[in-house]
Amino acid sequence: QVQLVESGGGLVQPGGSLRLSCAASGFTFSTYGMSWYRQAPGTERDRVATISNGGSTNYADSVKGRVTISKDNAKNTVYLQMNSLKPEDTAVYYCTVWVLGMRYWGKGTLVTVSS
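Keep in mind the model is a prediction, meaning the values are calculated, not measured.

Criteria and cut-off values
Residues numbered from 1 in each chain as written. Predicted model: local features only at pLDDT ≥ 70, side-chain atom pairs only at ≥ 80, totals over all residues. Heavy atoms only, no water. Helix = DSSP H or I, 4+ residues; strand = E, 2+ residues; numbered from the N terminus. Rg over C-alpha atoms; globule rule 2.2 N^0.38 Å. Buried < 20%, exposed > 50% of the residue type's maximum accessible area, 1.4 Å probe, protein only. Contact = heavy atoms within 4.5 Å. Areas by Shrake-Rupley, 256 points an atom, 1.4 Å probe, with all protein chains shown as cover. Lys, Arg positive; Asp, Glu negative; His and termini not counted. Charge placed at Lys NZ, Arg CZ, Asp CG, Glu CD.

## Things to note about the overall build of the chain
Here's step 1: A tally of regular secondary structure across the chain gives zero helices and 11 strands.
Here's step 2: Since a compact globule built from 115 residues should have a radius of gyration of about 13 Å, the 13 Å found for the chain is in line with a globular shape.
Here's step 3: For the chain, the spread of C-alpha atoms along the three principal axes comes to 40 × 25 × 25 Å.
Here's step 4: The buried share among the 115 residues of the chain stands at 39%.
Here's step 5: Contacts spanning at least 24 positions in sequence make up 53% of the contacts within the chain whose residues lie at least 6 apart.
Here's step 6: A total of about 6,100 Å² of accessible surface is found on the chain, and carbon and sulfur atoms cover 48% of it.
Here's step 7: Across the chain, the 11 positively charged side chains and the 7 negatively charged ones have centroids separated by 5 Å.

Listed below in structure tokens is the structure:
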């Protein structure tokens, strides 16, 4: 079965950096694109970044220039490098994948940006 496990969240000061990881299993990782979403309290879950199976990337305007998504097919892991973090980046971050018509989500990792 498809499993996604996020890690790497935590408390960071404004201007700091974090790298989130999402370990995937249960599908042929190298042939699928992956995405990161985030959800702040009281808001909808919004897309942050997407990487295709070919390595093309796409970012939400709110994070463009500060965030990099990458994929290590040997480790079945997708990463989200976040720099110049702002308080408004505070959210639970989820990785997600569509496999055979079904969307799968991890349980998320909390990122808190605060001084």
